[in-house]
Amino acid sequence: MTSPTSTTVTGAPGADGHAADTPRAVAGRGAPGHTGSRASRVLGILALGSIALLVLYGLVWSPADAEMADSVRLMYIHVPAASFMYAGCFITTIASAMWLRRRTPGWDALAGASAEVALVFTAITLGTGSLWGRPTWGTYWTWDARLTSTALLATLLVGYLALRRLDVDPTARSTRAAVLGLLLVPNVIIVNRSVEWWRSLHQRSTLVKLDPTIEGQMLVALMVGFLAVGLVFTWLLVHRFRVAWLEYQSERLDLDLALAERRAEAGHHTDVEAPA
Amino acid sequence: MWRDAALVAGRDLRVELRSRVTTNQVAPFSLLVLVLFAFALDPDRQLLERLASGLYWTAVLFAALLAISRSAAIDETDGVRDALRLSGLDPAGVFVGKAAAVAVVLLALELLLGVGVVVLYGVELAGAGLVVVAGLAATVAVAATGTLYGALVSGLRVRETLLPLLLLPVLAPVLIGATRAFEAALAGVPADGWPWCGLLAGLAVLYAVAGALAYGTLLEGS
């Protein structure tokens, strides 16, 4: 099993220089062999530590809000998660643009990874938001502009990831995904604006009175929330990216492996059949 | 570019005319949707009349999905994509041509659905200027967006199921804008509708430009 793999990576490719060239070029760019590294392990520990700090600040050290009571504590996750959901979309769009320019697999992997992580954070945003809405607004869901556009953002991301999951030629898939990813942020902005406009016609000032001046311990808790969620986001993004990278490499290596096996088989067959 | 566009649009429309899929299947389907809405909402004339704009544009979107899927399917058989790639036609022209053909088909369907809404839901027409302009802008927006997204999914085995998932969230602003504009026109306050018309026109231009720019990449890259 190992010998054909190592020959394709290190040894000179034979007749099929085309197929074997790519993985070597990829491996040569300092690709990690696994998803962990010293830096990401430190990052992971920092993320865990900041989550612990957030739990203390969010649940113990910060006071309850005068109006929203304890449900305000959800905000320390909700607001940062929403911010990083948008950050993930931006990374996807920028990486898609870079892929269309450079055509290097790393950008494609980054676009996909960040869209996936963004979807996770969209789910967290919607989940914490509706949990918060129940005691505050008396309902899990209202047709508020932010809720509606976030739901549409989730479907945009799901569609993008569905396109990426298809079992077709990887380059064609990357091209299509990149065009779709490039349109992601413009679409998000258009949907956001138009939904905002749509709702503002019906109800002048919506129920969202989310940012009356936050101060003191609550501000600190929110900042810790941003730190913790940011670290988790980065950690997830790095690891998802590395998994995507390994997937990409293994796809190429599998192809080479299969080619080598077929060739060996063919050689074997002729040997057997010649005397017969 | 425009000559290429006319060529491609002519081809698509000719295929559509000869295959009669639009007249024999898509048009009856879209009328059926109007009838289904009445079943779902109780044939209460007042309710239907009040919701007519929204139901109308929802029906248009459903019909549009089929029309766009058809338009993408034309290029999938007999190696038409390869032929287009080799033909030396300007990709932007191909995009504009395909979008224009979809727009013509959509306009025909919209006219039919308009008659359907007037007859079945008892809508009284008003604000003709706004209705026509908003309708045209929305049609171009849907056709341009649809052609772009149709190219994104064309040739895939899951085209029929993936297209609505990708396209409908993107078309939500078009649905909102067109519905508001029509409501304003029918309510006799066209001044409320013109800003929405602006949104529709902006979306139409935006997606037409994006599609014209991206179509070459999509044509080459698959």
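Here the structure is a predicted model, which means the values were calculated and not measured.

**Looking at the overall build of chain A**
The helix and strand inventory of chain A stands at 9 helices and 0 strands. Starting at the N terminus and walking to the C terminus, you meet the elements of chain A as α-α-α-α-α-α-α-α-α. Looking at chain A as a whole, 36% of its 276 residues are labelled buried. A separation of at least 24 residues holds for 80% of the contacts in chain A among residues at least 6 apart in sequence.

**Quick notes on the overall build of chain B**
What chain B contains, in helices and strands, is 8 helices and 0 strands. Seen in sequence order, chain B has helices and strands lined up from the N terminus as α-α-α-α-α-α-α-α. Relative to its length of 222 residues, chain B is compact, with a C-alpha radius of gyration of 18 Å against a globular reference of 17 Å. Expressed as lengths along the three principal axes of its C-alpha atoms, the size of chain B is roughly 55 × 35 × 25 Å. In chain B, buried positions account for 50% of the 222 residues. For chain B, the proportion of contacts with a sequence separation of at least 24, taken over those separated by at least 6, is 85%.

**Side note on the environment of Trp198(A)**
All names here are of chain A. Relative to the helices and strands, Trp-198 is located in helix α8 (residues 184-202). Judged by C-beta crowding, with 22 C-beta atoms within 10 Å, Trp-198 ranks as buried. Taking the C-alpha atoms as reference points, Trp-198 and Asp-144, separated by 54 residues in sequence, lie 9.8 Å from one another.

**A few points about the interface of chain B and chain A**
Facing 20 residues of chain B, the contacting portion of chain A comprises 22 residues. Looking at the side of chain B that touches chain A residue by residue, the class counts come to 16 nonpolar, 4 polar and no charged.

**A few points about helix α6 (residues 145-165) of chain A**
Given a rise of 1.5 Å per residue, 21 residues ought to cover 30 Å, and the 30 Å separating the end C-alpha atoms of α6(A) matches this to within 8%. Listed as buried for α6(A) are Ala145(A), Leu147(A), Thr148(A), Ser149(A), Thr150(A), Leu152(A), Leu153(A), Leu156(A), Leu157(A), Gly159(A), Tyr160(A) and Leu163(A).

**Observations concerning the packing of helix α3 (residues 45-74) of chain B against helix α6 (residues 128-153) of chain B**
Residue and element names in this part refer to chain B. In the contact formed by α3 and α6, the axes pass within 9 Å of each other and the chain directions differ by 50°. With respect to their mutual orientation, α3 and α6 come out oblique. Note that α3 runs across α6; the crossing there is right-handed. Residues Ala-64, Ile-68, Ser-69, Ser-71 and Ala-72 of α3 form the contact with α6, whose own contacting residues are Val-142, Gly-146, Thr-147, Gly-150, Ala-151 and Val-153.

**Comments concerning helix α5 (residues 105-137) of chain A**
In a regular helix each residue adds 1.5 Å, so 33 residues correspond to 48 Å; α5(A) covers 46 Å between its end C-alpha atoms and thus fits that length. Remark: Gly138(A) follows α5(A) within two positions and exhibits a positive phi of approximately 85°.

**Brief notes about the environment of Pro170(A)**
Of note, Pro170(A) is situated in helix α7 (residues 170-182). Its 13 C-beta neighbours within 10 Å are what place Pro170(A) among the partly exposed residues.

**Points about the packing of α5(A) against α7(A)**
Residue and element names in this part refer to chain A. Across the interface, α5 lies against α7 with an axial gap of 10 Å and an inter-helix angle of 55°. The angle between the axes of α5 and α7 places the two elements in the oblique class. Once α5 is placed against α7, the crossing between them reads as left-handed. Two secondary-structure elements touch here, α5 through Asp-108, Ala-111, Gly-112 and Ala-115 and α7 through Ser-174, Ala-177, Ala-178 and Gly-181.

**Side note on the confidence of the model for chain A**
Residue and element names in this part refer to chain A. Of all residues in chain A, 78% attain a pLDDT of 70 or more, and the chain-wide mean is 79. Per-element mean pLDDT across chain A ranges from 37 in helix α1 (residues 2-10) up to 92 in helix α4 (residues 75-102). In the model, residues 203-209 has pLDDT below 50 throughout and makes 8 contacts with residues more than four positions away in sequence or in other chains.

**What to know about the environment of Leu131(A)**
Residues and elements named next belong to chain A. Secondary-structure assignment places Leu-131 in helix α5. Residue Leu-131 is classed as partly exposed on the basis of its C-beta count, with 14 C-beta atoms lying within 10 Å. In sequence terms Leu-131 and Gly-159 are 28 residues apart; their C-alpha atoms lie 26 Å from each other.

**Digging into the confidence of the model for chain B**
Model confidence for chain B is summarised by a mean pLDDT of 88, while 99% of its residues fall at 70 or above. The ipTM for the predicted assembly is 0.87, set against a pTM of 0.83.

**Regarding unusual backbone geometry**
Residues and elements named next belong to chain B. For Arg-20, which is not glycine, the phi dihedral falls at a positive 60°. Residue Arg-20 is classed as exposed on the basis of its 10 C-beta neighbours within 10 Å. Of note in this structure, Asp-78 is not a glycine but carries a positive phi near 55°. Relative to the helices and strands, Asp-78 is located in the loop between α3 and α4 (80-86). Look at Asp-78 and you get exposed, because 9 C-beta atoms sit within 10 Å.

Cut-offs used in this document
- Residues numbered from 1 in each chain as written.
- Chains lettered and ligands numbered in written order.
- Predicted model: local features only at pLDDT ≥ 70, side-chain atom pairs only at ≥ 80, totals over all residues.
- Helix = DSSP H or I, 4+ residues; strand = E, 2+ residues; numbered from the N terminus.
- Buried ≥ 20, exposed ≤ 12 C-beta atoms within 10 Å, placed from the backbone.
- Contact = placed C-beta atoms within 7 Å.
- Rg over C-alpha atoms; globule rule 2.2 N^0.38 Å.
- Nonpolar A, V, L, I, M, F, W, Y, C, P; charged D, E, K, R; others polar.
- Expected span 1.5 Å × (residues − 1).
- Axes fitted to C-alpha atoms, helices over the stretch in contact; angles between N-to-C directions.
- Parallel < 35°, antiparallel > 145°, perpendicular 65-115°, else oblique.
- Left-handed = near helix turned anticlockwise from the far one by under 90°.
- pLDDT = per-residue confidence, 0-100.

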